[in-house]
Amino acid sequence: MVRRSGSHMQTPVVEIRSLLIRRGGRDVLQVERLEVDVGEVLVILGPNGAGKSSLIKCLLGLARA
């Protein structure tokens, strides 16, 4: 998705749509939409078992959704 910011067109450096990660027959993580633009800072925060590590592994290509 390309978005207009001021007079510039921006493409997110990270874009996730409809991500579902299942482990052992249960949903571990579900992300409908996530976009991170150049210069933005993203914090991944949550309790144990919320899917933080699963999201990072998927983004790095170390795990499959």
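Structural notes, computed from the coordinates.

What counts and what doesn't
Residues numbered from 1 in each chain as written. Predicted model: local features only at pLDDT ≥ 70, side-chain atom pairs only at ≥ 80, totals over all residues. Heavy atoms only, no water. Helix = DSSP H or I, 4+ residues; strand = E, 2+ residues; numbered from the N terminus. Contact = heavy atoms within 4.5 Å. Pairing = 2+ DSSP bridges. Salt bridge = Lys/Arg side-chain N within 4 Å of Asp/Glu carboxyl O. Buried < 20%, exposed > 50% of the residue type's maximum accessible area, 1.4 Å probe, protein only.

## Quick look at the environment of R23
Considering the arrangement of structural elements, one finds R23 in strand 3 (residues 14-23). Among all residues touching R23, those that are not within four sequence positions of it are V28, A63 and R64.

## So, the pairing of strand 3
The side chains of a regular strand alternate between both faces of the sheet. Looking at chain direction, strand 3 and strand 4 (residues 26-36) are connected through nine bridges and run antiparallel. Paired with L19 across the strands is V31, a residue of strand 4.

## Digging into the pattern of salt bridges
Overall, the coordinates contain four salt bridges when judged by the stated rule. Two residues, R17 and E35, come together in a salt bridge whose shortest N-O distance is 2.7 Å. Here R17, found in strand 3, pairs with E35, found in strand 4; they are 18 residues apart in sequence, far enough to count as distant. Taking the relative accessible area as the measure of exposure, R17 reaches 37% and is therefore partly exposed. Taken together, the shared-partner salt bridges in this structure form one network comprising E15, R17, R33 and E35.

## Points about unusual backbone geometry
Most peptide bonds adopt trans geometry, and most residues besides glycine take a negative phi value. Of note in this structure, S18 is not a glycine but carries a positive phi near 50°. Looking at the element boundaries, S18 is found in strand 3. Given the relative accessible area of 65%, S18 is considered exposed.

Honestly, that's just the spatial picture; any functional story needs more than this.
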